[in-house]
Amino acid sequence: MSVSVLVGSQWGDEGKGKIVDILSERFDVVARYQGGANAGHTIQIDDNQYILHLIPSGILRDGVKCVIGNGVVIDPNALLDEIEFIENNDFDIEGRLFISQNAHLIMPYHKLLDSISESGTKKIGTTGRGIGPCYIDKYARKGIRIVDLLNRDLLEKKIRENLQEKNNLLKKVYNIEELDVEAIVEEYLTFDKKIDKYIADVPSLLNREIADGKNVLLEGAQGALLDVDFGTYPYVTSSSPTSGGACTGTGIPPTKIDSVIGIVKAYTTRVGNGPFPTELEDEVGEHLRKVGAEFGATTGRPRRCGWFDAFAMKYTTMVNGIDHAAITKLDVLSGLDEIKVCVAYEHNGKNLKTFPSEVERLDQVTPVYETFKGWKKDISGCKSYDELPSETKTYLDYLKGTCGFEISYVSVGPRRSETIVCE
Ligand code: GDP
Ligand code: IMO
Ligand code: MG
(Lines give C-alpha, C1' and ligand atoms only; values in the text may rest on other atoms or scores of the structure.)
(Ligands and ions follow the chains in the order given, each with its own letter.)
Protein backbone atom coordinates (compact mmCIF):
# COMPACT_ATOMS: atom_id res chain seq x y z
CA MET A 1 0.00 0.00 0.00
CA SER A 2 1.26 3.48 -0.73
CA VAL A 3 -0.26 6.92 -0.92
CA SER A 4 1.62 9.52 -2.96
CA VAL A 5 0.83 13.12 -3.71
CA LEU A 6 1.86 14.52 -7.08
CA VAL A 7 2.31 18.30 -7.20
CA GLY A 8 3.24 20.90 -9.76
CA SER A 9 6.32 22.59 -8.32
CA GLN A 10 6.35 25.80 -10.40
CA TRP A 11 3.56 27.85 -11.98
CA GLY A 12 1.64 24.92 -13.48
CA ASP A 13 1.94 23.09 -16.81
CA GLU A 14 4.99 21.14 -15.66
CA GLY A 15 3.76 17.96 -17.36
CA LYS A 16 1.66 16.57 -14.48
CA GLY A 17 -0.79 14.86 -16.84
CA LYS A 18 1.96 12.91 -18.61
CA ILE A 19 3.59 11.75 -15.37
CA VAL A 20 0.28 10.81 -13.69
CA ASP A 21 -0.49 8.70 -16.76
CA ILE A 22 2.91 6.99 -16.50
CA LEU A 23 2.57 6.42 -12.75
CA SER A 24 -1.02 5.19 -12.94
CA GLU A 25 0.30 1.95 -14.39
CA ARG A 26 1.23 1.02 -10.81
CA PHE A 27 -1.57 2.83 -8.93
CA ASP A 28 -5.09 1.51 -8.31
CA VAL A 29 -6.71 4.88 -7.68
CA VAL A 30 -5.96 8.42 -8.88
CA ALA A 31 -7.76 11.32 -7.15
CA ARG A 32 -7.77 15.02 -8.10
CA TYR A 33 -7.82 17.22 -5.00
CA GLN A 34 -8.25 20.88 -6.01
CA GLY A 35 -8.75 23.34 -8.84
CA GLY A 36 -11.25 22.89 -11.60
CA ALA A 37 -11.45 23.20 -15.36
CA ASN A 38 -8.78 25.89 -15.18
CA ALA A 39 -6.37 22.93 -15.38
CA GLY A 40 -5.31 21.40 -18.68
CA HIS A 41 -3.45 18.11 -18.28
CA THR A 42 -2.08 16.63 -21.48
CA ILE A 43 -1.44 12.96 -22.13
CA GLN A 44 0.00 11.76 -25.38
CA ILE A 45 -0.40 8.11 -26.33
CA ASP A 46 1.45 7.44 -29.59
CA ASP A 47 0.21 10.24 -31.84
CA ASN A 48 -3.08 10.84 -30.00
CA GLN A 49 -3.25 13.78 -27.64
CA TYR A 50 -5.81 13.93 -24.80
CA ILE A 51 -6.32 17.07 -22.71
CA LEU A 52 -8.12 16.57 -19.40
CA HIS A 53 -9.45 19.41 -17.26
CA LEU A 54 -11.38 17.76 -14.42
CA ILE A 55 -11.11 14.00 -14.67
CA PRO A 56 -7.90 12.52 -13.21
CA SER A 57 -5.18 11.63 -15.68
CA GLY A 58 -5.43 7.95 -14.66
CA ILE A 59 -8.61 7.53 -16.71
CA LEU A 60 -6.68 6.38 -19.78
CA ARG A 61 -5.38 3.29 -17.94
CA ASP A 62 -7.76 0.33 -17.79
CA GLY A 63 -9.06 -0.52 -14.35
CA VAL A 64 -7.70 2.53 -12.51
CA LYS A 65 -10.37 4.14 -10.34
CA CYS A 66 -10.59 7.90 -10.79
CA VAL A 67 -11.87 10.19 -8.07
CA ILE A 68 -12.74 13.89 -8.06
CA GLY A 69 -12.29 15.09 -4.49
CA ASN A 70 -14.23 17.63 -2.44
CA GLY A 71 -11.50 20.24 -3.01
CA VAL A 72 -12.31 20.43 -6.73
CA VAL A 73 -14.81 22.94 -8.12
CA ILE A 74 -16.88 21.36 -10.87
CA ASP A 75 -18.40 23.00 -13.90
CA PRO A 76 -21.10 20.43 -14.81
CA ASN A 77 -20.98 21.28 -18.51
CA ALA A 78 -17.20 20.90 -18.62
CA LEU A 79 -17.52 17.59 -16.74
CA LEU A 80 -20.16 16.17 -19.08
CA ASP A 81 -18.19 17.27 -22.16
CA GLU A 82 -15.15 15.51 -20.78
CA ILE A 83 -17.05 12.31 -19.98
CA GLU A 84 -18.37 12.31 -23.55
CA PHE A 85 -14.88 12.96 -24.94
CA ILE A 86 -13.43 10.04 -23.01
CA GLU A 87 -16.23 7.67 -23.97
CA ASN A 88 -15.95 8.71 -27.62
CA ASN A 89 -12.32 7.71 -27.44
CA ASP A 90 -13.31 4.22 -26.27
CA PHE A 91 -12.19 4.46 -22.66
CA ASP A 92 -14.56 3.11 -19.99
CA ILE A 93 -15.83 5.54 -17.43
CA GLU A 94 -18.83 3.98 -15.69
CA GLY A 95 -17.87 2.21 -12.51
CA ARG A 96 -14.49 3.96 -12.63
CA LEU A 97 -15.36 7.60 -11.96
CA PHE A 98 -16.35 8.77 -8.48
CA ILE A 99 -17.22 12.36 -7.60
CA SER A 100 -17.26 13.72 -4.08
CA GLN A 101 -20.66 14.78 -2.80
CA ASN A 102 -18.93 17.71 -1.07
CA ALA A 103 -17.38 19.21 -4.22
CA HIS A 104 -18.76 22.62 -5.16
CA LEU A 105 -20.49 23.44 -8.44
CA ILE A 106 -19.43 26.26 -10.71
CA MET A 107 -22.49 28.31 -11.59
CA PRO A 108 -22.96 30.66 -14.58
CA TYR A 109 -22.64 33.67 -12.24
CA HIS A 110 -19.18 32.49 -11.17
CA LYS A 111 -17.90 32.73 -14.73
CA LEU A 112 -19.57 36.10 -15.19
CA LEU A 113 -18.07 37.47 -11.95
CA ASP A 114 -14.65 36.11 -13.00
CA SER A 115 -14.83 38.06 -16.25
CA ILE A 116 -16.12 41.20 -14.50
CA SER A 117 -13.25 41.06 -12.05
CA GLU A 118 -10.77 40.61 -14.90
CA SER A 119 -12.16 43.63 -16.74
CA GLY A 120 -11.02 45.87 -13.88
CA THR A 121 -7.61 47.46 -13.49
CA LYS A 122 -6.00 44.68 -11.46
CA LYS A 123 -5.92 41.74 -13.84
CA ILE A 124 -4.71 38.36 -12.59
CA GLY A 125 -4.94 36.83 -16.06
CA THR A 126 -7.30 34.07 -14.94
CA THR A 127 -8.51 31.27 -17.17
CA GLY A 128 -12.04 32.72 -17.01
CA ARG A 129 -13.48 29.44 -15.74
CA GLY A 130 -15.20 30.96 -12.68
CA ILE A 131 -12.71 29.41 -10.26
CA GLY A 132 -12.12 32.35 -7.88
CA PRO A 133 -15.81 33.31 -7.47
CA CYS A 134 -16.79 29.66 -6.85
CA TYR A 135 -14.21 29.30 -4.05
CA ILE A 136 -15.38 32.68 -2.66
CA ASP A 137 -18.91 31.26 -2.36
CA LYS A 138 -17.56 28.05 -0.82
CA TYR A 139 -15.81 29.95 1.94
CA ALA A 140 -18.70 32.39 2.31
CA ARG A 141 -20.83 29.26 2.92
CA LYS A 142 -23.10 30.04 0.00
CA GLY A 143 -21.98 27.35 -2.40
CA ILE A 144 -24.07 24.74 -4.17
CA ARG A 145 -22.54 21.30 -3.95
CA ILE A 146 -22.65 18.06 -5.91
CA VAL A 147 -24.77 16.51 -3.11
CA ASP A 148 -27.47 19.11 -3.84
CA LEU A 149 -28.06 17.43 -7.21
CA LEU A 150 -29.60 14.53 -5.26
CA ASN A 151 -32.48 16.67 -3.96
CA ARG A 152 -34.23 18.53 -6.76
CA ASP A 153 -36.44 20.70 -4.53
CA LEU A 154 -33.57 21.79 -2.37
CA LEU A 155 -31.38 22.37 -5.42
CA GLU A 156 -33.99 24.61 -7.01
CA LYS A 157 -34.44 26.54 -3.77
CA LYS A 158 -30.71 27.12 -3.38
CA ILE A 159 -30.25 28.21 -6.99
CA ARG A 160 -33.15 30.67 -6.74
CA GLU A 161 -31.84 32.14 -3.47
CA ASN A 162 -28.32 32.51 -4.84
CA LEU A 163 -29.52 34.00 -8.09
CA GLN A 164 -31.60 36.57 -6.28
CA GLU A 165 -28.50 37.74 -4.44
CA LYS A 166 -26.25 37.64 -7.50
CA ASN A 167 -28.76 39.41 -9.73
CA ASN A 168 -29.00 42.17 -7.13
CA LEU A 169 -25.25 42.50 -7.18
CA LEU A 170 -25.08 42.51 -10.97
CA LYS A 171 -27.77 45.15 -11.26
CA LYS A 172 -26.97 47.44 -8.36
CA VAL A 173 -23.18 47.25 -8.29
CA TYR A 174 -22.19 46.47 -11.85
CA ASN A 175 -25.24 47.78 -13.72
CA ILE A 176 -25.36 44.58 -15.75
CA GLU A 177 -28.39 42.78 -17.09
CA GLU A 178 -29.73 40.16 -14.68
CA LEU A 179 -29.23 36.45 -15.35
CA ASP A 180 -32.22 34.39 -16.50
CA VAL A 181 -33.30 32.53 -13.35
CA GLU A 182 -35.66 30.08 -15.07
CA ALA A 183 -33.13 29.08 -17.71
CA ILE A 184 -30.45 28.39 -15.09
CA VAL A 185 -32.81 26.44 -12.82
CA GLU A 186 -33.94 24.37 -15.78
CA GLU A 187 -30.36 23.72 -16.94
CA TYR A 188 -29.07 22.69 -13.49
CA LEU A 189 -32.06 20.45 -12.81
CA THR A 190 -31.05 18.34 -15.82
CA PHE A 191 -27.61 17.60 -14.37
CA ASP A 192 -28.90 15.23 -11.68
CA LYS A 193 -29.82 12.51 -14.18
CA LYS A 194 -26.43 12.73 -15.83
CA ILE A 195 -24.19 13.08 -12.78
CA ASP A 196 -26.01 11.21 -9.95
CA LYS A 197 -24.49 7.84 -10.84
CA TYR A 198 -20.96 9.10 -10.20
CA ILE A 199 -21.62 10.69 -6.79
CA ALA A 200 -19.79 9.00 -3.93
CA ASP A 201 -18.76 9.32 -0.29
CA VAL A 202 -15.14 9.93 -1.28
CA PRO A 203 -13.39 9.96 2.14
CA SER A 204 -14.93 6.55 2.94
CA LEU A 205 -14.09 5.19 -0.51
CA LEU A 206 -10.46 6.34 -0.44
CA ASN A 207 -9.77 5.26 3.14
CA ARG A 208 -11.29 1.86 2.37
CA GLU A 209 -8.99 1.48 -0.65
CA ILE A 210 -6.01 2.35 1.54
CA ALA A 211 -7.14 -0.13 4.22
CA ASP A 212 -7.40 -2.77 1.48
CA GLY A 213 -3.73 -2.22 0.64
CA LYS A 214 -4.30 -0.34 -2.63
CA ASN A 215 -1.95 2.27 -4.10
CA VAL A 216 -3.46 5.74 -4.25
CA LEU A 217 -2.08 8.72 -6.18
CA LEU A 218 -3.36 12.21 -5.40
CA GLU A 219 -3.13 14.45 -8.44
CA GLY A 220 -2.64 18.18 -7.96
CA ALA A 221 -3.54 20.77 -10.52
CA GLN A 222 -1.77 24.12 -11.09
CA GLY A 223 1.50 24.51 -9.16
CA ALA A 224 2.99 25.54 -5.83
CA LEU A 225 3.71 29.11 -6.93
CA LEU A 226 0.00 29.49 -7.79
CA ASP A 227 -1.06 28.32 -4.31
CA VAL A 228 -3.35 30.81 -2.57
CA ASP A 229 -1.19 30.66 0.60
CA PHE A 230 2.32 29.93 -0.64
CA GLY A 231 2.26 31.31 -4.17
CA THR A 232 2.97 34.73 -5.62
CA TYR A 233 -0.17 36.26 -4.09
CA PRO A 234 -2.35 37.84 -5.44
CA TYR A 235 -1.23 36.40 -8.78
CA VAL A 236 -2.34 32.91 -7.80
CA THR A 237 -5.30 30.61 -8.18
CA SER A 238 -7.90 30.31 -5.40
CA SER A 239 -7.07 26.83 -4.10
CA SER A 240 -4.23 24.86 -2.47
CA PRO A 241 -2.19 23.00 -5.09
CA THR A 242 0.56 22.30 -2.54
CA SER A 243 0.65 18.86 -0.92
CA GLY A 244 -1.31 19.94 2.18
CA GLY A 245 -4.30 20.52 -0.11
CA ALA A 246 -4.29 16.81 -0.95
CA CYS A 247 -5.57 15.95 2.52
CA THR A 248 -8.20 18.67 2.82
CA GLY A 249 -9.23 18.08 -0.78
CA THR A 250 -9.90 14.34 -0.48
CA GLY A 251 -10.38 13.27 3.14
CA ILE A 252 -7.16 11.24 3.31
CA PRO A 253 -5.39 12.10 6.58
CA PRO A 254 -1.74 13.36 6.62
CA THR A 255 -0.66 10.24 8.55
CA LYS A 256 -1.44 8.15 5.46
CA ILE A 257 0.75 10.06 2.99
CA ASP A 258 4.00 8.24 2.15
CA SER A 259 5.66 10.45 -0.43
CA VAL A 260 5.38 13.64 -2.41
CA ILE A 261 6.39 13.63 -6.06
CA GLY A 262 7.22 17.02 -7.54
CA ILE A 263 6.80 17.59 -11.24
CA VAL A 264 9.65 19.84 -12.22
CA LYS A 265 9.95 21.36 -15.68
CA ALA A 266 13.61 21.65 -16.75
CA TYR A 267 13.03 25.38 -17.32
CA THR A 268 10.21 27.68 -16.12
CA THR A 269 6.92 28.81 -17.63
CA ARG A 270 4.07 30.91 -16.40
CA VAL A 271 0.73 31.79 -17.99
CA GLY A 272 -1.17 34.81 -16.73
CA ASN A 273 0.17 37.86 -14.93
CA GLY A 274 2.51 38.25 -11.97
CA PRO A 275 6.23 38.32 -11.23
CA PHE A 276 8.58 35.91 -12.97
CA PRO A 277 12.21 36.69 -12.09
CA THR A 278 13.86 34.36 -14.65
CA GLU A 279 11.59 35.28 -17.57
CA LEU A 280 13.36 35.56 -20.94
CA GLU A 281 11.88 38.07 -23.32
CA ASP A 282 14.48 37.32 -25.99
CA GLU A 283 15.26 34.70 -28.63
CA VAL A 284 16.05 32.05 -25.98
CA GLY A 285 12.57 32.55 -24.46
CA GLU A 286 11.13 32.32 -27.95
CA HIS A 287 13.13 29.11 -28.55
CA LEU A 288 11.71 27.52 -25.38
CA ARG A 289 8.15 28.51 -26.33
CA LYS A 290 8.50 27.19 -29.86
CA VAL A 291 10.39 23.96 -29.17
CA GLY A 292 8.42 23.27 -25.97
CA ALA A 293 5.07 24.14 -27.67
CA GLU A 294 4.38 26.38 -24.70
CA PHE A 295 0.80 27.38 -25.36
CA GLY A 296 -1.94 26.94 -22.73
CA ALA A 297 -3.76 23.58 -22.82
CA THR A 298 -6.93 25.29 -21.54
CA THR A 299 -6.88 28.80 -23.02
CA GLY A 300 -4.32 28.52 -25.83
CA ARG A 301 -2.46 31.57 -24.46
CA PRO A 302 1.30 31.71 -25.15
CA ARG A 303 3.17 30.78 -21.97
CA ARG A 304 5.88 33.08 -20.67
CA CYS A 305 9.20 31.19 -20.63
CA GLY A 306 12.44 31.50 -18.68
CA TRP A 307 15.38 29.72 -17.07
CA PHE A 308 15.04 27.20 -14.27
CA ASP A 309 14.66 28.91 -10.90
CA ALA A 310 16.41 26.79 -8.27
CA PHE A 311 15.89 29.45 -5.61
CA ALA A 312 12.08 29.23 -6.03
CA MET A 313 12.32 25.43 -6.36
CA LYS A 314 14.09 25.07 -2.99
CA TYR A 315 11.17 26.97 -1.47
CA THR A 316 8.49 24.86 -3.18
CA THR A 317 10.39 21.65 -2.35
CA MET A 318 10.24 22.74 1.28
CA VAL A 319 6.56 23.71 1.47
CA ASN A 320 5.46 20.58 -0.40
CA GLY A 321 7.91 18.17 1.21
CA ILE A 322 8.94 16.91 -2.24
CA ASP A 323 11.10 13.82 -1.82
CA HIS A 324 11.04 12.57 -5.41
CA ALA A 325 11.02 14.57 -8.62
CA ALA A 326 10.12 13.92 -12.22
CA ILE A 327 12.13 16.29 -14.42
CA THR A 328 10.12 17.04 -17.53
CA LYS A 329 10.74 18.59 -20.94
CA LEU A 330 14.49 18.14 -20.70
CA ASP A 331 14.57 17.57 -24.48
CA VAL A 332 13.43 21.17 -25.01
CA LEU A 333 16.83 22.42 -23.76
CA SER A 334 18.75 20.42 -26.39
CA GLY A 335 20.61 22.57 -28.90
CA LEU A 336 21.24 25.55 -26.63
CA ASP A 337 24.90 26.61 -26.28
CA GLU A 338 24.50 27.36 -22.61
CA ILE A 339 21.81 26.86 -19.98
CA LYS A 340 21.35 29.01 -16.92
CA VAL A 341 19.95 28.24 -13.49
CA CYS A 342 18.94 30.95 -11.04
CA VAL A 343 20.61 30.17 -7.72
CA ALA A 344 19.82 33.32 -5.73
CA TYR A 345 17.79 36.52 -5.79
CA GLU A 346 19.68 39.79 -5.36
CA HIS A 347 17.76 42.69 -3.87
CA ASN A 348 19.27 46.08 -2.97
CA GLY A 349 22.79 44.67 -3.33
CA LYS A 350 22.21 41.65 -1.08
CA ASN A 351 21.18 38.06 -1.74
CA LEU A 352 17.81 37.24 -0.18
CA LYS A 353 17.82 34.43 2.36
CA THR A 354 14.25 33.30 1.74
CA PHE A 355 11.65 33.44 -1.03
CA PRO A 356 9.89 36.83 -0.75
CA SER A 357 6.22 36.84 0.10
CA GLU A 358 5.46 40.27 -1.41
CA VAL A 359 5.15 40.42 -5.19
CA GLU A 360 6.39 44.02 -5.08
CA ARG A 361 9.77 42.77 -3.80
CA LEU A 362 9.76 39.72 -6.08
CA ASP A 363 9.30 42.09 -9.02
CA GLN A 364 12.49 43.94 -8.06
CA VAL A 365 14.88 41.01 -7.57
CA THR A 366 17.76 40.32 -9.95
CA PRO A 367 18.38 36.62 -10.53
CA VAL A 368 21.91 35.40 -9.88
CA TYR A 369 22.77 32.70 -12.41
CA GLU A 370 25.03 29.68 -12.61
CA THR A 371 25.83 28.80 -16.24
CA PHE A 372 26.01 25.25 -17.61
CA LYS A 373 27.30 24.00 -20.93
CA GLY A 374 24.46 22.90 -23.22
CA TRP A 375 24.28 19.70 -25.27
CA LYS A 376 23.62 19.38 -28.99
CA LYS A 377 22.45 15.76 -29.09
CA ASP A 378 18.75 14.98 -29.52
CA ILE A 379 17.99 13.20 -26.23
CA SER A 380 14.38 12.23 -26.97
CA GLY A 381 15.44 8.67 -27.88
CA CYS A 382 17.45 8.10 -24.69
CA LYS A 383 16.06 5.20 -22.68
CA SER A 384 18.33 5.32 -19.64
CA TYR A 385 20.09 7.90 -17.51
CA ASP A 386 23.46 6.53 -18.67
CA GLU A 387 22.62 7.23 -22.31
CA LEU A 388 22.23 10.96 -21.64
CA PRO A 389 25.13 13.24 -22.70
CA SER A 390 27.54 14.13 -19.88
CA GLU A 391 26.44 17.82 -19.98
CA THR A 392 22.82 16.73 -19.45
CA LYS A 393 23.80 14.60 -16.47
CA THR A 394 25.79 17.50 -15.00
CA TYR A 395 22.68 19.67 -15.27
CA LEU A 396 20.43 17.04 -13.67
CA ASP A 397 22.92 16.32 -10.89
CA TYR A 398 23.08 20.01 -10.12
CA LEU A 399 19.26 20.31 -9.88
CA LYS A 400 19.11 17.27 -7.61
CA GLY A 401 21.90 18.50 -5.33
CA THR A 402 20.75 22.08 -5.04
CA CYS A 403 17.00 21.42 -4.70
CA GLY A 404 17.40 18.42 -2.40
CA PHE A 405 15.23 15.78 -4.05
CA GLU A 406 15.82 12.41 -5.67
CA ILE A 407 15.17 12.28 -9.40
CA SER A 408 12.91 9.31 -10.16
CA TYR A 409 11.86 10.10 -13.71
CA VAL A 410 13.28 12.14 -16.56
CA SER A 411 10.88 13.00 -19.35
CA VAL A 412 12.43 13.59 -22.77
CA GLY A 413 9.30 13.94 -24.92
CA PRO A 414 5.49 14.05 -24.61
CA ARG A 415 4.90 10.35 -25.31
CA ARG A 416 4.70 7.54 -22.77
CA SER A 417 7.76 5.91 -24.34
CA GLU A 418 9.84 9.08 -23.96
CA THR A 419 10.38 8.59 -20.25
CA ILE A 420 13.52 7.52 -18.38
CA VAL A 421 12.98 5.69 -15.11
CA CYS A 422 15.95 6.37 -12.82
CA GLU A 423 17.17 3.56 -10.58
P1 GDP B 1 0.20 19.86 -16.90
O2 GDP B 1 -0.83 20.92 -16.78
O3 GDP B 1 1.21 19.94 -15.81
O4 GDP B 1 -0.37 18.48 -17.05
O5 GDP B 1 1.01 20.17 -18.23
P6 GDP B 1 0.35 20.57 -19.67
O7 GDP B 1 -0.27 19.37 -20.25
O8 GDP B 1 -0.48 21.79 -19.54
O9 GDP B 1 1.64 21.01 -20.46
C10 GDP B 1 2.71 20.15 -20.68
C11 GDP B 1 2.94 20.02 -22.19
O12 GDP B 1 4.21 19.47 -22.43
C13 GDP B 1 1.96 19.09 -22.87
O14 GDP B 1 1.76 19.53 -24.19
C15 GDP B 1 2.69 17.74 -22.87
O16 GDP B 1 2.27 16.89 -23.93
C17 GDP B 1 4.11 18.20 -23.09
N18 GDP B 1 5.14 17.38 -22.47
C19 GDP B 1 5.10 16.69 -21.29
N20 GDP B 1 6.31 16.16 -21.02
C21 GDP B 1 7.13 16.50 -22.07
C22 GDP B 1 8.51 16.28 -22.35
O23 GDP B 1 9.26 15.66 -21.60
N24 GDP B 1 8.98 16.83 -23.51
C25 GDP B 1 8.22 17.54 -24.35
N26 GDP B 1 8.78 18.06 -25.46
N27 GDP B 1 6.92 17.78 -24.12
C28 GDP B 1 6.39 17.26 -22.98
P1 IMO C 1 -2.51 23.14 -14.82
O2 IMO C 1 -3.18 22.20 -13.86
C3 IMO C 1 -0.98 27.16 -15.50
C4 IMO C 1 -3.24 30.43 -13.65
C5 IMO C 1 -3.96 31.42 -14.56
C6 IMO C 1 -3.83 32.68 -13.72
C7 IMO C 1 -4.03 32.16 -12.30
C8 IMO C 1 -5.45 32.29 -11.77
O9 IMO C 1 -2.77 22.83 -16.23
O10 IMO C 1 -1.06 23.26 -14.48
P11 IMO C 1 -7.69 30.95 -12.26
O12 IMO C 1 -8.45 30.73 -13.53
O13 IMO C 1 -7.22 29.69 -11.61
O14 IMO C 1 -8.41 31.86 -11.30
O15 IMO C 1 -6.37 31.76 -12.71
O16 IMO C 1 -3.68 30.80 -12.33
N17 IMO C 1 -3.59 29.02 -13.86
C18 IMO C 1 -2.78 28.12 -14.43
N19 IMO C 1 -1.56 28.29 -15.01
N20 IMO C 1 -1.53 25.94 -15.40
C21 IMO C 1 -2.73 25.76 -14.81
O22 IMO C 1 -3.26 24.54 -14.55
C23 IMO C 1 -3.44 26.88 -14.32
N24 IMO C 1 -4.63 27.08 -13.73
C25 IMO C 1 -4.70 28.37 -13.42
O26 IMO C 1 -3.31 31.54 -15.81
O27 IMO C 1 -2.53 33.19 -13.81
MG1 MG D 1 -1.66 22.45 -17.92
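Residues numbered from 1 in each chain as written. Chains lettered and ligands numbered in written order. Predicted model: local features only at pLDDT ≥ 70, side-chain atom pairs only at ≥ 80, totals over all residues. Heavy atoms only, no water.

What is the right way to read the coordination of the magnesium ion (ligand 3) from this model?
Each donor-metal-donor angle in an ideal tetrahedron of four donors is 109.5 degrees, and each such angle in an ideal octahedron of six donors is either 90 or 180 degrees. At the metal site, the magnesium ion (ligand 3) is ligated by Asp13 (OD) and Gly40 (O), and these contacts range over 2.1 to 2.2 Å. Of this pair, aspartate 13 sits in the loop between β1 (2-8) and α1 (16-23) while glycine 40 sits in the loop between β2 (29-32) and β3 (41-45), placing them 27 residues apart in sequence. (Donors = N, O, S within 2.8 Å, 3.2 Å for Na, K, Ca; no water. Helix = DSSP H or I, 4+ residues; strand = E, 2+ residues; numbered from the N terminus.)

Teacher, can you tell me more about the pattern of salt bridges here?
Once their charged atoms are close, side chains differing in charge can pair, the charge on each being opposite to the other. In the structure shown here, the tally under the stated rule is 26 salt bridges. Among the salt bridges present, the one from aspartate 137 reaches lysine 166, with a minimum N-O distance of 3.1 Å. In this pair, aspartate 137 sits in helix α4 (residues 131-139) while lysine 166 sits in helix α5 (residues 152-172), placing the two residues 29 residues apart along the sequence. Take aspartate 137: its relative accessible area is 5%, and that puts it in the buried class. Exposure remark for lysine 166: the relative accessible area of 8% places this residue in the buried category. Ionic pairing is found between arginine 289 and glutamate 286, a salt bridge with its closest N-O pair at 2.9 Å. Separated by three residues within a single helix, arginine 289 and glutamate 286 lie in helix α10 (residues 283-291), roughly one turn from each other. (Salt bridge = Lys/Arg side-chain N within 4 Å of Asp/Glu carboxyl O. Buried < 20%, exposed > 50% of the residue type's maximum accessible area, 1.4 Å probe, protein only.)

Even after reading the chapter, I still don't get the site of ligand 2, so can you show me in this structure?
Near ligand 2 you find 20 residues, and of these Lys16, His41, Thr127, Gln222 and Thr237 are the closest. Here aspartate 13 contributes a backbone N or O atom positioned 2.8 Å from an oxygen atom of ligand 2. In the complex, 98% of the free accessible area of ligand 2, which totals 550 Å², lies under the protein chains. Grouping the constituent residues of the shell around ligand 2 by class yields seven nonpolar, ten polar and three charged. (Near = heavy atom within 4 Å. Polar contact = N/O pair within 3.5 Å; in protein donor to acceptor, adjacent residues only side chain to side chain. Areas by Shrake-Rupley, 256 points an atom, 1.4 Å probe, with all protein chains shown as cover. Nonpolar A, V, L, I, M, F, W, Y, C, P; charged D, E, K, R; others polar.)

For this particular structure, what's the right way to read the pairing of strand β5 (residues 65-68)?
Regular strands place their side chains on alternate faces of the sheet. Sheet analysis places β2 next to β5, joined by four bridges and oriented parallel. Pairing of valine 29 across the sheet is with lysine 65, part of β5. As defined by bridge partners, β5 adjoins strand β7 (residues 97-100) across three bridges and the pair is classed as parallel. Bridge assignment links isoleucine 68 to a residue of β7, and that residue is isoleucine 99. (Pairing = 2+ DSSP bridges.)

Quick question: what am I supposed to make of the sheet that holds strand β10 (residues 215-219) here?
Pairing between sheet strands relies on hydrogen bonds along the backbone, with the strands arranged either parallel or antiparallel. The ten strands lie next to each other as β9-β7-β5-β2-β10-β1-β11-β15-β19-β20, forming an open sheet whose pairing is mixed. What marks the edges here is a single partner per strand, and that holds for β9 (199-200) and β20 (419-421). Pairing of β1 with β10, which is carried by five bridges, proceeds in the parallel orientation. By the bridge assignment for β10, valine 3 is matched with valine 216. Where helix α13 (residues 390-403) meets the sheet, it contacts β15 (324-328) and β19 (406-411), and its direction lies at approximately 140° from that of β19. (Contact = heavy atoms within 4.5 Å. Axes fitted to C-alpha atoms, helices over the stretch in contact; angles between N-to-C directions.)

Looking at this model, I keep getting lost on the site of ligand 1. Mind explaining?
In the vicinity of ligand 1, 18 residues are found, and the nearest of them are Lys16, Gly17, Thr42, Asp331 and Ser411. Within the contact set of ligand 1, an oxygen atom lies 2.8 Å away from a side-chain nitrogen or oxygen of lysine 329. Between an oxygen atom of ligand 1 and a main-chain N or O atom of glycine 413, the distance comes to 3.1 Å. Within the complex, 93% of the 580 Å² of free accessible area of ligand 1 lies under protein. Among the secondary structure elements, those contributing two or more residues to the shell around ligand 1 are α1 and β3.

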